[in-house]
Amino acid sequence: MKAKFITVEGTEGVGKTTNIEFIKTWLQSREIEFIATREPGGTPLAEEVRDCLLRNREELVDSTAELLLVFAARAQHINTLIRPALERGIWVLCDRFTDATFAYQGAGRGLDKNLITLLENEVQKGLHPDLTLYLDIDIELGLERASLRGEFDRFEKEQVSFFEKVREGYKERVAQNPSRYAVIEAGQALQEVQIDIKQALEKWFPLEK
Ligand code: TMP
């Protein structure tokens, strides 16, 4: 089977970390060679950009500057890690990708979606996930869970209304291209969430006979 690119998306406190561990276990059970990475980040340079983006600061961060930093990190990540891995037959599991940009910078910050599409085309050159697991959760519930993790970063400090827009942004992406997404109801008990994730993985990547 050709190497696949899987991404995991969702708003704050949706349980990405726990469920990514579950996906890793599933990949291992299939004896699939893979790397697990994240955005923003995934390479030393892109992790530095991540730190710039997430760090709390006095200075107001311009939304266009934020968008360009996200894509700067993504270019480095794709060209030095993701694409070389896929070309070598290694699957890539990524915590967030460009759907997050449409959701956070597009829907959340209100930036022009055409500008994001322009950057997407330029930076990704046709690279898109084979499957995106979108974990959906009630915003207030997610923020409550996220608050248990300790201090909030620059994004986590946003208002509930910002995250409501982000959630709508994700749903809009799913509606535009439903065949790429598995929508997972992440407010369920963890066991139920993971049954749904396993089902999606098996549907997208059936065992070859
Ligand atoms: P997380 O990976 O711990 O969820 O944190 C990453 C943060 O970065 C999260 O709040 C969403 C934000 N983000 C964007 O705003 N745009 C993007 O394109 C990506 C990948 C992440």
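What you are looking at is a predicted structure, and each value in this text was computed from that prediction instead of being measured.

### Notes on empty space enclosed by the protein
Counted according to the given criterion, the structure contains 1 cavity of 30 Å³ or more. The space that makes up the largest cavity amounts to roughly 30 Å³. Lining the largest cavity are Phe97, Thr98, Asp99, Glu120, Gln124, His128, Pro129, Arg173 and Arg180. When its residues are assigned to classes, the lining of the largest cavity shows 2 nonpolar, 3 polar and 4 charged.

### Focus on the packing of aromatic side chains
What the rule picks out here adds up to 7 aromatic pairs. Seen in terms of ring centroids, Phe5 and Phe97 are 4.9 Å apart; in terms of plane orientation they differ by 80 degrees. Their pairing is edge-to-face. Separated by 92 residues along the polypeptide, Phe5 in strand 1 (residues 5-10) and Phe97 in the loop between strand 3 (91-95) and helix 4 (98-108) bring together distant segments of the chain. Of the two residues examined, Phe5 and Phe97, each falls in the buried class. Plain terms: the ring middles of Tyr104 and Tyr170 are 6.4 Å apart, the flat faces sit at 85 degrees to each other, and that makes the pair edge-to-face. On the criterion of sequence distance, the pair formed by Tyr104 in helix 4 and Tyr170 in helix 7 (residues 160-176) is long-range, its members being 66 residues apart. Aromatic rings pair up to connect Tyr104, Tyr134, Phe155, Phe162, Phe163 and Tyr170 into one cluster.

### Quick word on the packing of helix 2 (residues 44-54) against helix 3 (residues 63-87)
Between helix 2 and helix 3, the shortest axis-to-axis distance is 8 Å and the interhelical angle comes to 160 degrees. Judged by the angle between their axes, helix 2 and helix 3 are roughly antiparallel. For the pair helix 2 and helix 3, the sense of crossing is left-handed. Listed contacts from helix 3 to Leu45, Ala46, Val49 and Leu53 of helix 2 are Glu66, Leu69, Val70, Ala73 and Gln76. When the residues that make up the contact of helix 2 with helix 3 are grouped by side-chain class, the tally is 7 nonpolar, 1 polar and 1 charged.

Thresholds, definitions, all that
- Residues numbered from 1 in each chain as written.
- Predicted model: local features only at pLDDT ≥ 70, side-chain atom pairs only at ≥ 80, totals over all residues.
- Heavy atoms only, no water.
- 1 Å grid on protein atoms, 1.4 Å probe; cavity = no way out; pocket = protein on both sides within 12 Å on 5 of 7 lines; lining within 4 Å.
- Points joined across faces, edges and corners; volume = space filled by probe spheres on them.
- Nonpolar A, V, L, I, M, F, W, Y, C, P; charged D, E, K, R; others polar.
- Phe/Tyr/Trp six-rings, centres within 6.5 Å; stacked < 30°, edge-to-face > 60°.
- Helix = DSSP H or I, 4+ residues; strand = E, 2+ residues; numbered from the N terminus.
- Buried < 20%, exposed > 50% of the residue type's maximum accessible area, 1.4 Å probe, protein only.
- Axes fitted to C-alpha atoms, helices over the stretch in contact; angles between N-to-C directions.
- Parallel < 35°, antiparallel > 145°, perpendicular 65-115°, else oblique.
- Left-handed = near helix turned anticlockwise from the far one by under 90°.
- Contact = heavy atoms within 4.5 Å.

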